[in-house]
Amino acid sequence: MAKIDGIKKEEELRVIRELAEKLNVENIEQKIPHLSNELFEGKELRDVLSHVHGRANKLALIYQLVVLAYADGIYSPGENDALRRICAILHIEFEKLYEILELVEEYQQFEKHVTEVLEV
């Protein structure tokens, strides 16, 4: 997601590292530029996602990718297209993606409200 909107903030890189750790990807620091380019070009995406089994794991991955997409505060059309493509490959209906998007948006609004109320 960081590559798609052209903005790689530290928060997005942190989320990438956490996601890579959960997926047991080794040497992620060396792979981030390569994987970003490959995935942006649509190469190997099906291969990368072929290791994700079970509906719960697929939904958890999509959730993490949505969080990553929002990490820089911008959810771009390119990120939306990429997430729709990932859902199609994983055989997850687009409606579920939109439910997850709404959930993440609501959580961000909640966090913003908490920050305002607590004056932090």
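Here is a short report on the structure shown in this document. The numbers attached to residues start from 1 for each chain and follow its sequence in the written order. In keeping with the model being predicted, local features are shown solely for residues with a pLDDT of at least 70 and side-chain atom pairs are shown and tallied solely at 80 or more, while totals for entire chains, interfaces and linings include all residues. The basis for every side-chain value is the complete set of non-hydrogen atoms in the structure, without hydrogens or water.

Brief notes about the pattern of salt bridges
(1) Moving on: What makes a salt bridge here is a side-chain nitrogen of Lys or Arg within 4 Å of a carboxyl oxygen of Asp or Glu, nothing more. For the structure shown, the criterion picks out 2 salt bridges.
(2) Moving on: One salt bridge in this structure joins Glu93 and Arg55, with 2.6 Å as the shortest N-O distance. Within this pair, whereas Glu93 is found in the loop between helix 5 (77-90) and helix 6 (94-118), its partner Arg55 is found in helix 4 (residues 55-70), the two being separated by 38 residues in sequence.
(3) Moving on: Here's how the labels work: a residue is buried when its accessible area is under 20% of the maximum for its type, exposed when over 50%, partly exposed in between, all with a 1.4 Å probe on protein chains only. A residue is classified by how much of its surface remains accessible, and Glu93, at 33% relative accessible area, is partly exposed.
(4) Moving on: Note that Lys96 and Glu99 form a salt bridge whose closest N and O atoms lie 3.6 Å from each other. One end of the pair, Lys96, and the other, Glu99, are both in helix 6, 3 residues apart, so they sit about a helical turn from each other.
(5) Moving on: Residue classification places Lys96 among the partly exposed residues on the basis of a relative accessible area of 23%. Think of it this way: any DSSP run of H or I at least four residues long counts as a helix, any run of E at least two long counts as a strand, and we number them from the N terminus.

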